[in-house]
Amino acid sequence: MLTTPEQFAAANKATVESLLSLANTALASAERVAALNLNTARSFLEDGVNNAKALMSAKDPQEALALHASLAQPNVEKAVTYSRSIYEISTQTQEEFSRLLESQFGEFQSQVASLLDKAAKSAPAGSDVAVAAVKSAIAAANSAFDSMNKAAKQVAEIAEANVAAATNATVKAVGASAATASSGKKKTAA
């Protein structure tokens, strides 16, 4: 079966549009990461200067240690927030890529089904078995793609839950450490 020049041009146009969508998604993601990096760097720089000033104003080493411990928690929380933001950006980008891929796969499936129907109508008598076999293979490929997609989504959900649990545990551990350091300072002052 030969395709017409119009069909070939339409296929090329669809491919270019798909690639453009992928490129725009990647660039938007890179832009978000760059903005996040700049804002985070600015925030850490400002905090670093303020923390250094606070540490230099400590009257004795114990106060400096307690102050250092109390300053660590906000930095860890900011690092955790940064990590969550990076994870969120990459997850959203991956989801957008998946949507584009699913859309392209869906279009490909419908085109193949259409071509197969056309071929079946013009096929010689007795070729029903071959057409049925091809349709069965296509159905199996669709089923495999759907299963793979569902499994990938489940893995992403599990990973997201694990990341959330790990970050919460980290924030709690740093908070407990800062609280212990603060209570140690109060005991030595008394």
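Residues numbered from 1 in each chain as written. Predicted model: local features only at pLDDT ≥ 70, side-chain atom pairs only at ≥ 80, totals over all residues. Heavy atoms only, no water.

Asks: Mind showing me how you'd approach the overall build of the protein here?
Replies: The helix and strand inventory of the protein stands at three helices and zero strands. In the protein, the succession of α and β elements from N to C terminus is α-α-α. In the protein, which comprises 190 residues, the proportion classed as buried is 14%. A separation threshold of at least 6 residues defines the contact pool for the protein, and within that pool the share at least 24 residues apart is 83%. Carbon together with sulfur atoms contributes 65% to the accessible area of the protein, which is approximately 13,200 Å² in total. (Helix = DSSP H or I, 4+ residues; strand = E, 2+ residues; numbered from the N terminus. Buried < 20%, exposed > 50% of the residue type's maximum accessible area, 1.4 Å probe, protein only. Contact = heavy atoms within 4.5 Å. Areas by Shrake-Rupley, 256 points an atom, 1.4 Å probe, with all protein chains shown as cover.)

Asks: Looking at this structure, I do not really get the pattern of salt bridges. What am I missing?
Replies: A side chain with one charge can pair with a side chain of the opposite charge if their charged atoms come near. What the rule picks out here adds up to two salt bridges. Here Lys78 ties to Asp47 by a salt bridge, and the two come within 2.0 Å at their closest N and O atoms. Linking Lys78 in helix 2 (residues 61-122) with Asp47 in helix 1 (residues 5-56), this pair joins segments that are 31 residues apart in sequence. A residue is classified by how much of its surface remains accessible, and Lys78, at 30% relative accessible area, is partly exposed. When its relative accessible area of 18% is taken as the criterion, Asp47 is described as buried. (Salt bridge = Lys/Arg side-chain N within 4 Å of Asp/Glu carboxyl O.)

Asks: What is the right way to look at helix 2 in this model?
Replies: In an α-helix, one full turn covers 3.6 residues, which means residues spaced three or four apart are oriented alike. Compared with the 92 Å implied by 1.5 Å per residue over 62 residues, the 90 Å span of helix 2 between its first and last C-alpha is a close match. Residues of helix 2 that are buried include every one of Ala66, Ala69, Leu71, Val80, Ile89, Thr91, Thr93, Ser98, Leu100 and Leu116, and no others. Regarding helix 2, its N-cap is Asp60, as a side-chain oxygen of that residue lies 3.2 Å from the backbone nitrogen of Gln62 further along. (Expected span 1.5 Å × (residues − 1). Polar contact = N/O pair within 3.5 Å; in protein donor to acceptor, adjacent residues only side chain to side chain.)

Asks: Looking at this structure, how should I read a negative patch on the surface?
Replies: Taken together, the side chains of Glu88, Glu95, Glu157 and Glu160 define an acidic patch exposed on the protein surface. Within the residue set of the negative patch, elements represented by two or more residues are helix 2 and helix 3 (128-189). Within the secondary structure, Glu88 sits in helix 2. (Patch = residues over 30% accessible without salt bridge, like charges linked within 9 Å, V, L, I, M, F, W, Y side chains within 5 Å. Lys, Arg positive; Asp, Glu negative; His and termini not counted. Charge placed at Lys NZ, Arg CZ, Asp CG, Glu CD.)

Asks: So what exactly am I meant to see when it comes to the confidence of the model for the protein here?
Replies: As a general rule, the predicted coordinates of low-pLDDT regions are not to be interpreted in detail. Of the residues in the protein, 89% reach a pLDDT of 70 or more, and the chain-wide mean stands at 81. Mean pLDDT across the elements of the protein ranges from a minimum in helix 3, with 73, to a maximum in helix 1, with 89. (pLDDT = per-residue confidence, 0-100.)

Asks: When you look at the layout of surface pockets in this model, what are you seeing that I'm missing?
Replies: Over the atoms a probe the size of a water molecule is rolled, and this reveals where empty space is left. Approximately 230 Å³ is the volume attributed to the second largest pocket. Taken together, 13 residues form the lining of the second largest pocket, with Gln94, Glu95, Ala152, Lys153 and Ala156 sitting closest to its centre. Listed by contribution, the elements that provide at least two residues to the lining of the second largest pocket are helix 2 and helix 3. The biggest single contributor to the lining of the second largest pocket is helix 3, with seven residues. The class makeup of the residues in the lining of the second largest pocket is four nonpolar, four polar and five charged. (1 Å grid on protein atoms, 1.4 Å probe; cavity = no way out; pocket = protein on both sides within 12 Å on 5 of 7 lines; lining within 4 Å. Points joined across faces, edges and corners; volume = space filled by probe spheres on them. Nonpolar A, V, L, I, M, F, W, Y, C, P; charged D, E, K, R; others polar.)

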